Amino acid sequence: MTEARKPTRDIAHLAALAAIVVVGAIVRVLLVNEPMRYDESYTFVTYATHPASFITTTYDFPNNHILHTLAVHYAWRVLGNHVWVVRLPALLAGIALIPATYLAGRALYGRAAALWAAALAAGFATLIDFSVDARGYTMGITLALLALWLAAGLLDGGRPWRWPAFAVCCALAVYTVPTIAYAIATVAAWTAAVALVRRDLTTLVRLAVALALAAGLDVALYSGVLGQAGWTASRPLHDSVGAATGLARVVWTDWNRTAPWPVEWLVIGGFVASLVFHRRLARHPVPLVVPAAAVILAVLVFTPAARLPRAWLWLLPLYLMHAGAGLAFAVERATIRLPRAAPASGLLAAAGVAIVLAANMMDTRQHGSTLPPVSDNQLVAFLKRDVGPGQVVLLNGHVGVACWYYFQRYRYTPPGLPPRHARVTALLVVPRALGRRGVGLTVGAAGWRVRPGAPPVRLVKRFDYVDAWRARIE
């Protein structure tokens, strides 16, 4: 490559990266006002609206992702009570996750692979879902990716300031979401494995000191909540191979739920290629997937592993980095006889994949996710207008909690069931996925029944994610 062409190619590469980040940011911003979900509404009302002293000393349930909850609290105090404000910390972290994936991918595989990894991170549905969900996952994962980037630089002789920065990233990642400790363990195991292969005892010692510092910081940060019920509130995964494979199936389906058929298989092929050609593609001797697999196995065997798919979201950017390396290699091989067109082809292909994934996400929105919204931004206005005198409102359990946010924001309490059974007309709100069946389930869960011989249950209003039905119950 001539000296004249290098700056031009650098500018083109940075322009492609900027375009990918912008595409990822746009799709996230367009979805940030989606209706509330169960967990984020519960977390906001139960924790984020309380003083900081309460947030940092209360862990009665795992929903309180303390560092993220503090960020939501101060965003709400400064910017007001709006859906987008509640999600702003997760949104900003979700956008930052794209360049963080690029930085880590570049440190492990080079800039072409990093661009592909960033493109996939910009458009993969689950990462978008949690960028517009007021929980701490994107914040914790972004911090873990920064820790990986710092660790890779330290293995290559980076400046000493990276060690305290690495320790702080590790500590804050775990303080955001405790299960991000799995990601930090993977980063630490990978760093140690590379240092061992290279017989770099100095790095091993420094790594141990940095991890001890991170652990000490977390003990200090969590000191106000140690021993509280939230640490044991999550139900463990059943101790069986079937339970683990079932969880893996759900996780895999959720990761790929909006990836069109060719993209899903191209990503799989890129991942496999990154393992087959690891020595040619990677800057370090140990594939990242090896310590990740060891951590997964250790978690499943020795701990009451989290059964929720979102507890394993940290694995997705690692998978996409591997896939990015394989895809970059495939483009390079496919254009080997077109040396002038090769760089532009890779840039355009990566940006194109990001656009396709983002467009597909906008087309399907959040239907089919494991965490779809179960409310509607206009539901309170609808209830105020459509619930007549003497009528009651009955909300499906998940819908009811998701609506806590709206009831608090608009200072509205819907008319509930009377203390004794009587013949009343009820307006029921149930998830769209349940359909008419949800009416019977919701009425039965409240200990009532649809009145026999009454006019049939009638659909009153169809929202994006929930339906409102009118029924006579007793």
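Reading the values: rules and limits
- Residues numbered from 1 in each chain as written.
- Predicted model: local features only at pLDDT ≥ 70, side-chain atom pairs only at ≥ 80, totals over all residues.
- Heavy atoms only, no water.
- Helix = DSSP H or I, 4+ residues; strand = E, 2+ residues; numbered from the N terminus.
- Buried < 20%, exposed > 50% of the residue type's maximum accessible area, 1.4 Å probe, protein only.
- Contact = heavy atoms within 4.5 Å.
- Areas by Shrake-Rupley, 256 points an atom, 1.4 Å probe, with all protein chains shown as cover.
- Lys, Arg positive; Asp, Glu negative; His and termini not counted.
- Charge placed at Lys NZ, Arg CZ, Asp CG, Glu CD.
- Core = buried A, V, L, I, M, F, W, Y, C linked by side-chain atoms within 4.5 Å.
- Pairing = 2+ DSSP bridges.
- Axes fitted to C-alpha atoms, helices over the stretch in contact; angles between N-to-C directions.
- Expected span 1.5 Å × (residues − 1).
- Phe/Tyr/Trp six-rings, centres within 6.5 Å; stacked < 30°, edge-to-face > 60°.
- Lys NZ or Arg CZ within 6 Å of the ring centre and 35° of its normal.

Novice: If you had to explain the overall build of the protein to someone new, which residues and values would you point to?
Specialist: Helix and strand counts for the protein stand at 22 helices and four strands. Here the C-alpha coordinates of the protein stretch approximately 80 × 50 × 45 Å along the principal axes. Classification of the 474 residues of the protein by burial places 54% in the buried group. Residue pairs at least 24 apart in sequence account for 79% of intrachain contacts in the protein once pairs closer than 6 positions are excluded. Split by element, the accessible area of the protein, about 21100 Å² in all, is 64% carbon and sulfur. For the protein, the centre of its 43 positive side-chain charges and the centre of its 21 negative side-chain charges are spaced 2 Å apart.

Novice: Tell me what's going on with the nonpolar core, and back it up with residues and numbers.
Specialist: In this structure, Ile20, Leu120, Leu148, Phe166, Trp190, Trp314 and Leu320 are the most contacted members of the largest nonpolar core, which totals 119 residues. Sort the elements by how many residues they give to this core and helix 9 (residues 137–155) lands first, with 13 residues. Excluding residues within four positions of it along the chain, Leu148 makes contact with Ala104, Leu108, Val187, Trp190, Leu288, Leu318 and Met321. Counting 28 residues, the second largest nonpolar core, distinct from the first, contains Phe44, Val45, Val83 and Val429.

Novice: Describe the sheet that holds strand 3 (residues 458–462), with residues and values.
Specialist: Hydrogen bonds between backbone atoms are what pair the strands of a sheet, whose relative direction is either parallel or antiparallel. Strands sit in the order 1-2-4-3 across an open sheet of four strands; the sheet is mixed. Of all the strands in the sheet, just strand 1 (392–395) and strand 3 have a single pairing partner and so form its edges. Taken over all neighbouring pairs, the strand axes of this sheet differ in orientation by 25° on average, direction set aside. Here strand 2 (residues 424–431) pairs with strand 4 (residues 466–473) via eight bridges, running antiparallel. From the neighbouring strand, Ala426 faces strand 4, where its bridge partner is Ala471. Across the sheet, helix 19 (residues 379–386) is in contact with strand 1, strand 2, strand 3 and strand 4; its angle to strand 2 comes to roughly 165°. In the packing of helix 22 (residues 437–445) onto the sheet, contacts are made with strand 1, strand 2 and strand 4, and the angle to strand 2 comes to roughly 115°.

Novice: Now, about the environment of Gly435: what can you tell me, with residues and values included?
Specialist: With respect to the helices, strands and loops of the structure, Gly435 is situated in the loop between strand 2 and helix 22. Taking the C-alpha atoms as reference points, Gly435 and Trp469, 34 residues apart in sequence, are found 9.6 Å from one another.

Novice: Which residues make up unusual backbone geometry, and what values go with them?
Specialist: The backbone phi angle of Arg199 is positive, close to 55°, even though this residue is not glycine. Inspection of the secondary structure puts Arg199 in the loop between helix 11 (181–197) and helix 12 (201–221). We classify Arg199 as exposed; its relative accessible area is 76%. A positive phi angle is found at Arg411, which is not glycine, with a value near 50°.

Novice: Describe helix 11, naming the residues involved and giving the relevant values.
Specialist: End to end, helix 11 covers 24 Å across 17 residues, agreeing with the expected 24 Å (1.5 Å per residue, within 8%). Taken together, the buried positions of helix 11 are occupied by Tyr182, Ala183, Ile184, Thr186, Val187, Ala188, Trp190, Thr191, Ala192, Val194 and Ala195. The inward-facing, buried residues of helix 11 abut helix 6 (88–109), helix 9, helix 10 (162–176), helix 12, helix 16 (289–302) and helix 17 (315–334).

Novice: Which residues make up the packing of aromatic side chains, and what values do they have?
Specialist: Under the counting rule described, the total for this entry stands at 20 aromatic pairs. Relative to Tyr222, the ring of Tyr175 has its centre 5.0 Å away and its plane inclined at 70°; by these criteria the two rings are edge-to-face. In this pair, Tyr175 is assigned in helix 10 and Tyr222 in the loop between helix 12 and helix 13 (241–255), connecting sequence segments 47 residues apart. Judged by its relative accessible area of 5%, Tyr222 is buried. Relative to Trp312, the ring of Tyr182 has its centre 5.4 Å away and its plane inclined at 25°; by these criteria the two rings are stacked. Residue Tyr182 is located in helix 11, and its partner Trp312 is located in the loop between helix 16 and helix 17; the two are separated by 130 residues in the primary sequence. On the basis of relative accessible area, Trp312 is assigned to the buried category, the value being 5%. Each residue in the set Tyr42, Tyr47, Phe61 and Trp404 is aromatic and connected to the rest through ring pairs, giving one cluster. Over the aromatic face of Trp149 sits the side chain of Arg162, whose NZ or CZ is 4.8 Å from the ring centroid.

Novice: Got a sec to walk through the side chain of Ser375? Specific residues and values, please.
Specialist: Its location among the elements puts Ser375 in the loop between helix 18 (342–364) and helix 19. Classification of Ser375 by relative accessible area gives buried; the value is 0%. Excluding anything up to four places from it in sequence, Ser375 contacts Pro35, Met36, Ala402, Cys403, Tyr406, Tyr465 and Val466.

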